[in-house]
Structure formats: C-alpha cells, structure tokens
Amino acid sequence: QMGQALMAGYKAWADGDALLPSEIDEYLMGQTTMRFATATARTAALTSPVAGMRSYLVDTGLEYIYSGTTWAPLEYWKKKISAQSAANTTMQDDGHLRTTLVPGTFRVEVFLHASGSTTGDIAVQWAFAGTASESARTCFGPTRATTNTEGGTAGSPVTAANTVGVTRASTHFLATAVPYGLDGSNNSAIHEDLFLVVTTGGILQMQWAQETSSGTASVLSVASRMYVKRYA
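The structure contained in this document is the topic of the report that follows.

Thresholds applied
Counting from 1, residues in each chain are numbered in the order their sequence is written. Predicted model: local features are reported for residues with pLDDT of at least 70 only, side-chain atom pairs are reported and counted for 80 or more only, and whole-chain, interface and lining totals are derived from all residues. Side-chain metrics in this entry use all non-hydrogen atoms of the structure; hydrogen atoms and water are not considered. The helix count covers DSSP runs of H or I at least four residues long, the strand count covers runs of E at least two residues long, and both are numbered beginning at the N terminus. Burial classification: accessible surface area is computed with a 1.4 Å probe over protein chains only, and a residue below 20% of its type maximum counts as buried, one above 50% as exposed, and the rest as partly exposed. The contact definition used throughout considers only heavy atoms, calling two residues in contact when any of these lie within 4.5 Å. By this definition, two strands are paired if DSSP reports at least two bridges between them. Every angle, taken between N-to-C directions, lies between 0 and 180 degrees, and every axis is a line fitted to C-alpha atoms, over only the stretch in contact when it is a helix. What counts as a salt bridge is simple: a side-chain nitrogen of Lys or Arg found within 4 Å of a carboxyl oxygen of Asp or Glu. Between 30 and 60 degrees the pair is tilted, below 30 it is stacked and above 60 it is edge-to-face, where a pair is any two Phe, Tyr or Trp rings, Trp via its six-membered ring, whose centres lie within 6.5 Å.

Things to note about the overall build of the protein
Looking only at helices and strands, the protein features two helices and 15 strands. When each of the 232 residues of the protein is scored for burial, the buried share is 42%. Pairs at least 24 residues apart make up 67% of the contacts formed inside the protein by residues separated by at least 6 positions.

Description of the pairing of strand β8 (residues 104-115)
Every other side chain in a regular strand lies on the same face of the sheet, so the side chains alternate between the two faces. Pairing of β8 with strand β12 (residues 188-200) involves 11 bridges; the strand directions are antiparallel. Within β12, the position partnered with Leu 112 by the bridge is Ile 190. By the bridge criterion, two bridges tie β8 to strand β14 (residues 218-220) in an arrangement that is antiparallel. When the sheet's bridge partners are listed, Ala 114 is paired in β14 with Leu 220.

Notes on the sheet that holds strand β1 (residues 33-36)
Strand order in the open sheet made by the four strands is β1-β2-β3-β4, with mixed pairing throughout. The outermost strands of the open sheet, each flanked by one partner alone, are β1 and β4 (71-73). The average undirected angle you get between the axes of adjacent strands in this sheet is 35 degrees. As judged from the four bridges shared by β1 and strand β2 (residues 54-57), these two strands associate in the parallel manner. Pairing of Arg 35 across the sheet is with Tyr 56, part of β2.

Considerations on the sheet that holds strand β13 (residues 202-209)
Taken in spatial order, the four strands make up an open sheet running β7-β13-β9-β11, and their pairing is antiparallel. Looking at strand neighbours, the two that pair on one side only are β7 (92-101) and β11 (178-180), the edges of this open sheet. Between one strand axis and the next, the sheet turns through 25 degrees on average, direction left out of account. Alignment of strand β9 (residues 122-128) against β11, held across three bridges, turns out to be antiparallel. Looking at β11, one finds that Ile 122 is bridged to Tyr 180.

A closer look at the pattern of salt bridges
The tally for this structure, following the rule as stated, stands at five salt bridges. Arg 107 is the partner of Asp 193 in a salt bridge, and the nearest nitrogen-oxygen pair spans 2.5 Å. Taken together, the residues Asp 193 in strand β12 and Arg 107 in strand β8 connect sequence positions 86 residues apart. Assessed through its relative accessible area of 14%, Asp 193 is described here as buried. Ionic pairing is found between Glu 192 and Arg 137, a salt bridge with its closest N-O pair at 2.9 Å. With Glu 192 in strand β12 and Arg 137 in strand β10 (residues 131-140), this pair connects stretches of sequence that are 55 residues apart. One network of salt bridges, in which partners are shared, links Arg 107, Glu 109 and Asp 193.

Concerning the packing of aromatic side chains
The geometry of an aromatic ring pair is captured by two quantities: the separation of the ring centres and the angle between the planes. Across all of its chains, the model carries three aromatic pairs by this definition. On the numbers, 5.9 Å between centres and 80 degrees between planes, the contact of Phe 111 with Tyr 227 is edge-to-face. Of this pair, Phe 111 sits in strand β8 while Tyr 227 sits in strand β15 (residues 225-230); the two residues are 116 residues apart in sequence, bridging distant segments of the chain. Grouped by ring-pair contacts, the aromatic residues Trp 77, Phe 111 and Tyr 227 constitute a single cluster.

Description of unusual backbone geometry
The backbone of Asp 121 shows a phi angle near 55 degrees, a positive value even though the residue is not glycine. Its location among the elements puts Asp 121 in the loop between β8 and β9. The exposure class assigned to Asp 121 is buried, which follows from its relative accessible area of 5%.

Now the structure itself:
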C-alpha cells in the first residue's frame, strides 16, 4: 500500500521477470513522476503519500516532491511574459513575478531589466502573505541619478537610502521599497536575493513602482525572471 515503507532502492526488470502488485505500488509508483490536473486531484488520488514521491500539476506547471509532511515545489523559475509599466509611485503587484511558498527554507532570486527616465527611476518591494521566522534580503543595482553603478555598502541594512545591503533580523525588510536608478536610454540590471525560513505558507509577491512620479513610464521588460529553490 502507499502508506507502507518503500522497498529498498531502485529496481530494473529483465525480460520474463514477474511484476508483483506490491512492486507496482512501491517501485513503479516511487520511480515515476505522477501527473495530476490540480492539487485537489492529487490529494484525492494519494491519500497516504510517502516521502520522496514526485508529482506534476497541470494547473501550476510545476513539479513537486513530498517531504513527508507536505508537497513542496522543486527548483523552478518564472519569467515575465509581457512588459509592465508604471508612471507613478503607487506600488503595484508584478503580473508574473510571484510564487506560493510552503513552510520550509527558500532562496528566491529575481533578475530584473528595467528602463525609463532618470526622473522616475524604479523602486522594488515584496509582499508575503505568510510568515517567516528568519530572512535576509540582498539588493544589487544602479543607484539613483547614476548609470549602471552599485550603490550603498554591502552588509548594511536595506533602507530607502541604501541600494545594496543585507540584513537578518525579525524585521526582514521585505516591505521596504528599495530604489534603483534608470538612465533614460539603457536597460538597468537589478538583482535581489531573498533567503526565507517560512513558518506559515503564503504567496510571495514582488511589487514595484516609480521612485518619483514621472510623465515617462518606468518599464520592466520580458527578460525579467524569478528563480525559486527550496533547501529544507
């Protein structure tokens, strides 16, 4: 049965070998990535999953592994499928760069390609619907009013005046709007690296806006992308 301990290791069959029902349940099911339409369909089919099982969900397009307590997505990436613009300082959800995190330890990286005027620039922050007991955020990118240069001092807390920094504290600065400079003609490269120990799952959503309202919109291009990896 699904709830029993897995048989030892991996098995390859030779022509003429018998295939027992227990081997179908344990070896074949354990060595196969199972495909389901939704998480609800997976739960209905696998009432007693065991650690190490893998599944693929059609609705999310992601592969998952069962940790023994929960189905966690494996390392994956997302990209912007269309450009998005902002012409004011009202923070907006990015239409593509978001993910659902379950309890566990994660590293989330975003690589952004932004363009716009030096007047408007761009500011980035994060909203997390869950809770994290420990976290860090490192930000790299061009400072305001300069072109393609790093600003701030590595190791300093992330604040509105410091575009490069890292902190590890009970207040993890996800909601701090970090500004980056745009030069009016070239794409600016921005990299944010998040480390999160998630205790209550929820949606992690990147948000952004202009640093200063401008008649010329700031734009995130389709080259922007997000990488998510779970460590525990």
